[in-house]
Amino acid sequence: MKIGILGGGQLGRMFIQEALKYDDEFYVLDPNPECSCAHISHYTQGDFNNYEHVLAFGRDKDVITIEIEHVNVQALEELETLGVKVVPNSNIIKIIQQKILQKEFYANHKIPSPAFEIMDGSEEEIKIQLPFVQKLNTGGYDGKGVQLIRTTQDWRNLWTQESVLEDLVDIDKELSLIVAKNEKGEIKHFPVTEMVADPKLNLLDFNICPADISKDVQDQIDIIGKQFIASAGSPGLFAIELFLDKEGKVWVNETAPRLHNSGHQSQEGNANSQFEQFYRVVTNSPLADTDHHGFSGMLNLVGEENHSGKVKYQGLEDVLKLPRTYVHLYGKTDTKPGRKMGHINVLADSREELMDRLIHIKSMVKVIAG
């Protein structure tokens, strides 16, 4: 198959690396000729937000997929009318890439998500009470386009663009469910992972799998996964980001219609990774076994503060000496503060051992400019 990918970042890179064991051709559209996928695929320089670029890129492909949701949906709709398969389909990408449509989707399909109101950018009266979260309708990614409004002082910094204003959840844990569906209707999900965020960068710091949750919480998540897949009306691999509040109720934060940072530990921690599963979805193959091997975790390698330029991984050689430790770099030559440059997966026999190892490894390695 000729598989086209919109976006050439690390998610596409790891997908292609996994799928190269099969007999397919991989094509990537990305504006950066030095993107992570450029040297392991048939690369086309172009803008995945540009209608003409996406249409021209996709015309001769058997299937088009994405590794970032901020793409030109109108071009995908046109490709579908021309008989090109788009996975996930253009409709669910359109819903998810706009926070307002996404929140309305949850409400319409009775998927539990925090109460919200829509701010259209005018001087309309805002009824929501402090504290709340503001999410820009489009363009948000990796914590960008999101801000907490806790006080009247924060209120003065409210963005005036079209946004979702959402009740602030009293969070106990942040969780993620990755669920896949192929065209045949087969559905499988990965074990729930727990996500620990870096409070300074608002980026994922650690993944922990399996999450430490009760049967009641697992049951709530199972229902949410079924509701979402039944309502989405599309094959795909979806990462459903969840909040567990301090009263034990689960809420959907948002969903990514693609591979996700919260599934990286599956590369070594599960019988098959999210990247293998995504390949199965895109090619409409039987879905893969997702059982986990004991405890697994992931830590992001991100650029240090005050470091911009050619990347150097300080301490990586010592990390490579450790057992049951797996390094994945993204092929990015330049670092900058907070930029995701790679990740490290770790296996362990207990949750306590896993956390100790993740914290220790984080102290060993730094991403600097050298």
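Before any of the text, the structure's been laid out above.
Residues numbered from 1 in each chain as written. Predicted model: local features only at pLDDT ≥ 70, side-chain atom pairs only at ≥ 80, totals over all residues. Heavy atoms only, no water.

**Quick notes on the sheet that holds strand S21 (residues 366-369)**
Argument step 1. The antiparallel open sheet is built from three strands, whose spatial order is S19-S17-S21. Because the sheet does not close on itself, it has two edges, and the strands there are strand S19 (334-335) and S21.
Argument step 2. Two elements, strand S17 (residues 309-314) and S19, share two bridges in a ladder whose sense is antiparallel. Looking at the pairing, Lys-310 lines up with Asp-334 of S19. (Pairing = 2+ DSSP bridges. Helix = DSSP H or I, 4+ residues; strand = E, 2+ residues; numbered from the N terminus.)

**Describing the pairing of strand S10 (residues 171-181)**
Argument step 1. Buried residues dominate S10, accounting for eight of its 11 residues.
Argument step 2. Sheet topology note: the S10/strand S14 (residues 236-245) ladder contains 10 bridges and is antiparallel. Considered in S14, the bridge of Lys-173 is made with Leu-244.
Argument step 3. Two strands pair when backbone bridges link them, and S10 and strand S11 (residues 187-189) are joined in this way by three bridges, in the antiparallel orientation. Within S11, the residue paired with Lys-181 across the bridge is Ile-187.
Argument step 4. The hairpin turn running from S10 into S11, its antiparallel successor, is five residues long, and Gly-185 in that turn takes a positive phi close to 95°. (Buried < 20%, exposed > 50% of the residue type's maximum accessible area, 1.4 Å probe, protein only.)

**Points about the packing of helix H4 (residues 90-97) against helix H5 (residues 99-108)**
Argument step 1. Across the interface, H4 lies against H5 with an axial gap of 5 Å and an inter-helix angle of 105°. Taken together, the axes of H4 and H5 lie roughly perpendicular to each other. In this structure, H4 contributes Ile-92, Lys-94, Ile-95, Ile-96 and Gln-97 to the contact, and H5 contributes Lys-99, Leu-101, Gln-102 and Phe-105.
Argument step 2. Looking at the contact of H4 with H5 residue by residue, the classes come out as five nonpolar, two polar and two charged. (Axes fitted to C-alpha atoms, helices over the stretch in contact; angles between N-to-C directions. Parallel < 35°, antiparallel > 145°, perpendicular 65-115°, else oblique. Contact = heavy atoms within 4.5 Å. Nonpolar A, V, L, I, M, F, W, Y, C, P; charged D, E, K, R; others polar.)

**Digging into the sheet that holds strand S3 (residues 42-45)**
Argument step 1. With parallel pairing, the five strands of this open sheet are ordered in space as S3-S2-S1-S4-S5. Edge strands, defined here as strands with exactly one partner in the open sheet, are S3 and strand S5 (85-86).
Argument step 2. As defined by bridge partners, strand S1 (residues 2-6) adjoins strand S2 (residues 25-30) across five bridges and the pair is classed as parallel. If you follow Ile-5 over to S2, its bridge partner there is Val-28.
Argument step 3. Lying over the sheet, helix H1 (residues 10-19) contacts S1 and S2, oriented at roughly 170° with respect to S2.
Argument step 4. Along the sheet, helix H2 (residues 51-58) makes contact with S1, S2, S3 and strand S4 (63-66), crossing S2 at roughly 170°.

Taken by themselves, the reported measurements are silent on function.
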